[in-house]
Structure formats: structure tokens, C-alpha cells
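# Chains, contacts and geometry: an overview
Each chain, letter by letter, is given below.
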2 protein chains.
Amino acid sequence: MVFWKKLFSNSDTVATSETTEAGNGLLNSDSDNSDLPQIVFSTDRELDLYELEELCDRVGWARRPLKKVKKAINHSFLVVSMWEVKNKKRRLIGFARATSDHAFNATIWDVVVDPTFQGRGLGKAMMKYAITQLRSEDISNITLFADPQVIDFYQRLGFILDPEGIKGMFWYPD
Amino acid sequence: MVFWKKLFSNSDTVATSETTEAGNGLLNSDSDNSDLPQIVFSTDRELDLYELEELCDRVGWARRPLKKVKKAINHSFLVVSMWEVKNKKRRLIGFARATSDHAFNATIWDVVVDPTFQGRGLGKAMMKYAITQLRSEDISNITLFADPQVIDFYQRLGFILDPEGIKGMFWYPD
């Protein structure tokens with residue numbers, strides 16, 4: 001666990017046990033062999049916003065003003081990023097963040113995984129990492145708003161749809 | 001608008017135009033006549049937590065540790081309270097709060113109106129006040145999780161259920 005520590009400034013940048021659960025040969029977080037690609041997770045919110053924008057471009061999201069993205073990241077309770085680290089270079093391949101009242105509730109937003117890294121369990125690993133981080137802060141009610149095509153994905157992670165008939169609702173300006 | 005200004009320390013304690021929309025004789029926010037009951041709204045988060053607990057008791061909510069409630073209020077983006085002011089005394093009759101990333105999204109939690117004040121349009125007025133406050137901060141995506149019995153209430157306020165199939169999901173600890 002030496003190599004990635006050099007790359008990340010934030011001490012809470014850890015490859016937790018969740019990373020190994022997604023193990024498929026990519027994950028070598030306990031190895032110092034920098035020739036093998038590694039997948040690491042971070043809660044460091046000092047992200048290159050252009051790199052994040054590129055990631056979001058790759059999944060076809062509408063672009064948003066970087067100034068507002070920066071503000072949203074700064075005011076999120078949790079920011080999670082996922083990186084491929086290879087030959088001492090790191091590449092952003094996943095992102096998610098959560099708003100929270102720091103006490104009871106958190107809501108996860110902007111979950112994105114690089115399409116070329118999808119289907120390997122990495123999105124699941126990143127979400128488990130996020131849940132672990134929120135649970136470590138004693139947040140017990142973790143919520144999100146899921147697009148129809150990812151409802152199954154979240155259900156497999158233990159998220160419940162409309163529990164007791166509770167419905168997600170949205171208000172938009174006219 | 002003199003009377004309630006004396007009662008509230010926070011300068012953003014205002015009875016907005018929304019208050020008058022719920023007018024039914026209770027709302028006299030432009031009057032200095034303190035014999036008539038007035039309904040006023042506030043964003044002041046310096047609330048008496050015991051008074052808030054009493055209000056929540058009246059709607060049958062499970063009690064929560066006040067220390068956590070205080071933390072949640074402190075870390076909410078918006079805290080809205082509704083008061084009946086009569087004979088220079090104020091009484092907490094409504095409450096809501098919202099978490100947010102301060103940029104794109106807000107999620108409204110803990111909406112409560114004193115049962116003896118329900119059915120007069122005051123919950124609607126309080127929610128409109130909350131929406132106005134969030135809109136004034138340029139938040140465009142206002143969300144909430146609605147119990148089945150209040151879905152109609154929020155729909156009348158313009159909230160949309162499961163837009164484009166987006167579903168609210170919850171994760172709880174085992």
C-alpha cells in the first residue's frame with residue numbers, strides 16, 4: 001500500500017476491503033509492483049475538474065458549469081473517486097458524491113463509472129466504499145434517485161425501492 | 001412588519017408573499033396589531049429543540065436524540081420554521097429543512113405542521129416559502145421523499161412523482 005500513498009495527498013485515501021471484493025486481476029492494492037494496474041478509491045475532493053468533466057462526457061452527461069460543480073463538491077458531505085493507477089500514472093474512472101445533514105440522512109448524487117471499466121464490479125465496489133464511508137460517520141439513512149436502467153444495480157447493493165410506499169418527488173422551476 | 005421583527009433576531013426572518021397566499025384571517029403580517037394572531041415564517045436555525053420535539057411529538061414522530069437533531073439542523077442548507085404569533089408570544093407550528101450541495105440539488109426533510117393548524121393551507125404556504133428560499137439560492141432541483149398519504153399534497157405544490165421513471169431508493173443498515 002505504498003505506491004498509491006505517494007500519489008494521493010489525503011490520508012483518508014485508502015483502498016479498503018471493498019476494493020478487493022471487486023477483484024478481477026485489476027486490484028492489487030497491497031502490491032508495490034507499479035507495472036500492474038491498480039484500482040484505488042479516494043475521498044479526496046481536490047479533483048481536477050476537467051478530468052471529472054471528461055469522465056462525465058464519456059457517459060454522455062450534459063455539461064455543467066465547472067464553477068457550480070466545484071461548489072457542489074465543496075458542499076458535499078462525501079466525495080468518492082475511483083482511479084486506475086498504472087505505471088505511476090492515475091486515471092479517474094469513477095465518481096460519486098453525497099449531500100448530508102451529517103446526522104441522519106445522506107443522498108448520493110452523480111454516480112458515474114467510465115464505460116470502458118463497467119461490467120467488472122467496479123461500480124459496485126465504489127458504491128460499497130461510499131456506503132462504508134457514510135456508515136463510518138453514523139449516517140443510517142442513505143438515499144438516492146435512480147434512473148430506471150440502474151434500479152437493479154442499486155437493488156443488488158441493498159437499496160430498497162419505494163419502501164413503505166415512500167416516493168421520490170422532484171420540483172423543477174417552470 | 002414591525003412586530004415580528006422584534007421577536008426574531010435573524011434578519012432573513014420574513015413573512016413573504018407566500019404567507020398571504022394562505023390567507024384565511026390568520027395571516028396579518030403587515031399589521032402591528034398584536035392582538036390578532038399572525039403566522040410568520042423564519043429561516044433562523046436557532047430553535048428551541050424542546051419546542052421542536054414537542055411539535056414532532058404532536059404528529060407522532062419517533063423521538064430522536066436532540067444532539068443529533070441539533071447537528072442535522074446545523075448542517076442543513078435551509079431550515080424553515082412557521083410560527084403563530086399572538087399577544088407577543090410565539091408558538092412553533094411548522095418546520096422543514098433541506099440538505100443541499102449549495103449548487104444543484106436540495107432535498108427537503110422533516111416536514112411537519114401542527115395538527116391543530118392543518119387544513120388551512122399553512123403547510124402549503126410553508127413549503128412555498130421553502131421553495132422560494134431554495135430558488136433564491138439558485139437551486140433548481142428540489143427533491144423529497146414523500147409518504148403515500150402526502151403525495152397528493154406535494155403534487156399540488158408542483159412536485160412530480162418518479163419523473164422519467166426515476167425512483168427514490170433507500171439503504172438502511174442491517
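Residues numbered from 1 in each chain as written. Chains lettered and ligands numbered in written order. Predicted model: local features only at pLDDT ≥ 70, side-chain atom pairs only at ≥ 80, totals over all residues. Heavy atoms only, no water.

Chain A goes by GNAT family N-acetyltransferase in an unreviewed UniProt entry, where it is assigned to Waterburya agarophytonicola KI4.

### Overview of the overall build of chain A
In terms of helices and strands, chain A carries 6 helices and 7 strands. Starting at the N terminus and ending at the C terminus, chain A contains elements arranged as α-α-β-α-α-β-β-β-α-β-α-β-β. The burial tally for chain A puts 53% of its 174 residues in the buried class. When contacts within chain A are restricted to residue pairs at least 6 apart in sequence, those whose partners lie at least 24 apart make up 64%. When the accessible surface of chain A is summed, it comes to about 8100 Å², and 48% of that surface belongs to carbon and sulfur atoms. (Helix = DSSP H or I, 4+ residues; strand = E, 2+ residues; numbered from the N terminus. Buried < 20%, exposed > 50% of the residue type's maximum accessible area, 1.4 Å probe, protein only. Contact = heavy atoms within 4.5 Å. Areas by Shrake-Rupley, 256 points an atom, 1.4 Å probe, with all protein chains shown as cover.)

### Here we look at helix α3 (residues 49-58) of chain B
Because each turn of an α-helix spans 3.6 residues, side chains separated by three or four positions in sequence point in the same direction. All names here are of chain B. Along α3, the residues classified as buried are Leu49, Leu52, Glu53, Leu55 and Cys56. The buried side chains of α3 occupy one side of the element, clustering within an arc of 160° when seen end-on. On its buried face, α3 sits against α4 (66-74), β3 (89-100) and β4 (105-113). Near the N-terminus of α3, the side chain that reaches the backbone nitrogen of tyrosine 50, with its oxygen 2.8 Å away, is that of aspartate 48. Phi turns positive, to about 80°, at glycine 60, one or two residues after α3. (Arc of directions from axis to C-beta. Polar contact = N/O pair within 3.5 Å; in protein donor to acceptor, adjacent residues only side chain to side chain.)

### A word on the interface of chain B and chain A
The interface is formed by 49 residues belonging to chain B together with 49 residues belonging to chain A. Summing both sides of the interface, chain B and chain A together bury roughly 4700 Å²; the carbon and sulfur share of this comes to 63%. If you sort the residues of chain B by the area they bury against chain A, B:Phe104, B:Met169 and B:Trp171 come out on top, with a joint share of 19%. Between chain B and chain A we count 6 salt bridges in total. For A:Asp138, the salt bridge is made with B:Lys68, and the minimal N-O distance between the two is 3.4 Å. Where chain B touches chain A, the interface holds 22 residue pairs in polar contact (both at pLDDT 80 or more). Here the side of chain B that touches chain A gets 6 residues from one element, more than from any other, and that element is strand β5 (residues 141-146) of chain B. (Buried area = accessible area lost by both parts, 1.4 Å probe. Salt bridge = Lys/Arg side-chain N within 4 Å of Asp/Glu carboxyl O.)

### Remarks on the pairing of strand β3 (residues 89-100) of chain A
Residue and element names in this part refer to chain A. Here β3 lies mainly inside the structure; 9 of its 12 residues are buried. Direction of pairing for strand β2 (residues 78-86) relative to β3: antiparallel, over a ladder of 9 bridges. Its bridge partner being in β3, tryptophan 83 is matched across the sheet by leucine 92. The hairpin formed by β2 and β3 contains 2 residues between the paired strands, and asparagine 87 there has a positive phi angle of roughly 50°. When β3 meets strand β4 (residues 105-113), the two strands line up antiparallel, connected through 6 bridges. Along β4, the bridge assignment pairs glycine 94 with valine 113. Linking β3 to β4, which pair antiparallel, is a turn of 4 residues; within it histidine 102 sits at a positive phi near 65°. (Pairing = 2+ DSSP bridges.)

### Notes on the sheet that holds strand β6 (residues 160-161) of chain B
Within the open sheet, the 7 strands sit side by side as β1(B)-β2(B)-β3(B)-β4(B)-β5(B)-β7(A)-β6(B). Their pairing is mixed. Looking at strand neighbours, the two that pair on one side only are β1 (38-42) and β6 of chain B, the edges of this open sheet. This element, α3(B), spans β2 (78-86), β3 and β4 of chain B of the sheet and lies at about 85° to β3(B). (Axes fitted to C-alpha atoms, helices over the stretch in contact; angles between N-to-C directions.)

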